[in-house]
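Structure at a glance
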Amino acid sequence: MRIVIVGGGVVGASTAYWLSRRAGVDVLVLEQDPTYATASTTLSAASIRQQFSTPANIRLSQFGLELLRTAPERLGVDPQFKERGYLLLAGDVGRDILADNVSIQAAAGAQTALFTPDELEARFPWFCAAGLSAGALGLSGEGWFDPSALLQGFKDKSKRQGAQWRTAEADGFEMAGGKIRQVRLRSGETIDADEVVNAAGPRAAKVAAWAGLSLPVEARARSVFYFECRDGVEISRTAPLTVDPSGVYFRPEGAGFICGVSPPAERDPSCDPSETPAVDWDLFEEIIWPTLAARVPAFEAIKVQSAWAGYYAYNTLDQNALIGRLPECANLWFANGFSGHGLQQAAGVGRGLAELIADGAYQTLDLSVFDAERVLDGRAVIERNVI
Ligand SMILES: Cc1cc2nc3c(=O)[nH]c(=O)nc-3n(C[C@H](O)[C@H](O)[C@H](O)COP(=O)(O)OP(=O)(O)OC[C@H]3O[C@@H](n4cnc5c(N)ncnc54)[C@H](O)[C@@H]3O)c2cc1C
């Protein structure tokens, strides 16, 4: 069975890793840019959390965690996992929802605890809890890591297991009888395929359109700012990835911190993923910095050193993964629309997709809640913790 994967970011690489472990499977990954200059994977905030409200999202991250912890033995790489937790904050009215989420997470085996504003200030003396009703802190299994190391680990191990990787841009499909027969490259060359995986990240809708399918996935720009703080040593040593009720987040990175926020809906257009996304500096000045300074008084005096922007593959239906097929094309498999949480889900999604393609059904984690077919009747997966 010849399986062609379009896109060699972390999702394509993970899928190649899981598929190439199987006998009788011939895997070819097409990646147009092996420097990953505009891939979401390498431009992400590179973090993993258990703090979701949907059990399937929690379980996916738990498997992502297991993979990170075992990456040196499984993949031969050290992803430099820093297990420092997420702190999700609730404003005046959010405490009950946060508490409800914590019980859902506990039922799924995650170690998250709810803290009062006073307890938060006692635990983090640099922190100001004004206007908050509670905070949920991950006590284990959350933090950040090196996304390039994880990607490279999947890639190299898949090659050692027999997967082929080619630097080439897929440009279309040759279809017959409701199936893809060949993948066409920009060079004009065609490649025979029994199954095709769409792992094109923010370009996923374009790939789906080659088979005449419509996928609700848009490229939406997200900016990340790196700053340093003169009085930030203790904060850097102890801070979790902290998410304000406004959506502004920050976490330690190197000698400083990274931070970001999703833009307001009216300033969040669908972009052309073939263009390099621009950093939205106004977001930092207008929203991020005032919020940071109110939450962490030492952040009144910070200096932005650099910034970058990447694309979310934004699922406009519900901002959750779209996995599986649509009825109109029997051999095009989606692993798309992860919005802001695909890096941590890549390990479990790659494994699940390999099971769907090779075994015909999920064998380990049941990911059917993320079935791509839900786009046909607009059945949204409601995830309260979207960042
Ligand atoms: C700013 C930012 C912060 C984020 N923070 C986090 C986080 O903290 N935690 C988390 O879990 N997730 C986070 N994410 C989301 C995460 O980065 C993505 O969900 C994940 O990396 C998706 O991986 P992918 O392989 O699907 O996409 P990508 O990494 O974009 O890879 C897709 C690849 O497909 C290739 N490609 C596309 N079209 C073609 C074609 N026609 N032919 C050949 N190759 C093609 C591209 O070159 C690219 O390399 C963040 C994203 C951004 C932008």
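Residues numbered from 1 in each chain as written. Predicted model: local features only at pLDDT ≥ 70, side-chain atom pairs only at ≥ 80, totals over all residues. Heavy atoms only, no water.

Here we take up the overall build of the protein chain. The helix and strand tally for the protein chain stands at 11 helices and 19 strands. Whereas a compact globule of 387 residues would reach a radius of gyration of roughly 21 Å, the protein chain reaches 21 Å, a difference of no more than 12%. Each of the three principal axes of the protein chain carries a C-alpha extent, and together these read 65 × 40 × 40 Å. For the protein chain, the proportion of its 387 residues judged to be buried stands at 56%. In the protein chain, the share of contacts with a sequence separation of at least 24, taken over all contacts with a separation of at least 6, comes to 73%. Element-wise, carbon and sulfur atoms account for 49% of the exposed surface of the protein chain, whose accessible area totals about 15,200 Å². Distance between charge centres in the protein chain, computed from 35 positive and 47 negative side chains, equals 5 Å. (Helix = DSSP H or I, 4+ residues; strand = E, 2+ residues; numbered from the N terminus. Rg over C-alpha atoms; globule rule 2.2 N^0.38 Å. Buried < 20%, exposed > 50% of the residue type's maximum accessible area, 1.4 Å probe, protein only. Contact = heavy atoms within 4.5 Å. Areas by Shrake-Rupley, 256 points an atom, 1.4 Å probe, with all protein chains shown as cover. Lys, Arg positive; Asp, Glu negative; His and termini not counted. Charge placed at Lys NZ, Arg CZ, Asp CG, Glu CD.)

Splitting the protein chain by domain gives domain 1 (2-65 + 147-216 + 317-377) and domain 2 (83-142 + 219-311). For domain 1 and domain 2, the distance between their C-alpha centroids amounts to 29 Å. Listed per partner, the contact involves 20 residues of domain 1 and 28 residues of domain 2. Surface buried jointly by domain 1 and domain 2 totals about 1,900 Å² across both partners, of which 57% is contributed by carbon and sulfur atoms. One can count zero salt bridges joining domain 1 with domain 2. Applying the counting rule to domain 1 against domain 2 returns 12 residue pairs in polar contact (both at pLDDT 80 or more). Mapped by element, the contributors of at least two residues to the side of domain 1 that touches domain 2 are helix H2 (40-43), strand E3 (47-48) and helix H3 (55-74). Of the residues that constitute the side of domain 1 that touches domain 2, the class distribution is nine nonpolar, eight polar and three charged. (Domains from an automatic or database assignment. Buried area = accessible area lost by both parts, 1.4 Å probe. Salt bridge = Lys/Arg side-chain N within 4 Å of Asp/Glu carboxyl O. Polar contact = N/O pair within 3.5 Å; in protein donor to acceptor, adjacent residues only side chain to side chain. Nonpolar A, V, L, I, M, F, W, Y, C, P; charged D, E, K, R; others polar.)

Around the ligand, the surrounding shell holds 39 residues, and the nearest of these are Glu31, Ser40, Thr41, Ser47 and Gln344. Within the contact set of the ligand, an oxygen atom lies 3.2 Å away from a backbone nitrogen or oxygen of Val10. At a separation of 3.1 Å, a nitrogen atom of the ligand approaches a polar backbone atom of Gly340. In the complex, the protein chains occlude 96% of the 1,000 Å² of accessible area that the ligand would expose alone. Class assignment of the residues belonging to the shell around the ligand gives a composition of 20 nonpolar, 15 polar and four charged. (Near = heavy atom within 4 Å.)

Next up on the list: the packing of aromatic side chains. Tallied over the entire structure, the rule returns 15 aromatic pairs. Here the aromatic rings of Phe173 and Trp210 are separated by 5.3 Å at their centres, their planes lie at 85°, and the arrangement is edge-to-face. In this pair, Phe173 sits in strand E9 (residues 170-176) while Trp210 sits in helix H7 (residues 204-210), placing the two residues 37 residues apart along the sequence. Residue class for Phe173 comes out buried when judged on its relative accessible area of 7%. Here Phe225 and Trp281 contribute two aromatic rings whose centre-to-centre distance is 5.4 Å and whose plane-to-plane angle is 65°, an arrangement assigned as edge-to-face. Taken together, the residues span a long stretch of sequence, with Phe225 in strand E13 (residues 217-229) and Trp281 in helix H9 (residues 281-295) at a distance of 56 residues. When its relative accessible area of 0% is taken as the criterion, Phe225 is described as buried. Here a set of aromatic residues connected by ring pairs shows up, and it is made of Phe124, Trp126, Phe127, Phe227, Phe250, Phe257 and Phe299. A cation over an aromatic ring shows up here: Arg220 above the ring of Tyr314, its NZ or CZ 4.1 Å from the ring centre. In this structure, Arg351 is placed above the aromatic ring of Phe63, and the distance from its NZ or CZ to the ring centre is 3.7 Å. (Phe/Tyr/Trp six-rings, centres within 6.5 Å; stacked < 30°, edge-to-face > 60°. Lys NZ or Arg CZ within 6 Å of the ring centre and 35° of its normal.)

End to end, helix H6 (residues 147-160) covers 20 Å across 14 residues, agreeing with the expected 20 Å (1.5 Å per residue, within 8%). Listing the buried residues of H6 in full gives Pro147, Ala149, Leu150, Leu151, Gly153, Phe154, Lys155 and Ser158. In this fold, the buried residues of H6 make contact with helix H1 (10-20), H2, H3, strand E8 (164-167) and helix H10 (342-359). N-capping of H6 is provided by Asp146, with a side-chain oxygen placed 3.0 Å from the backbone N of Ser148. Looking one or two residues beyond H6, the residue adopting positive phi is Gly162, at roughly 115°. (Expected span 1.5 Å × (residues − 1).)

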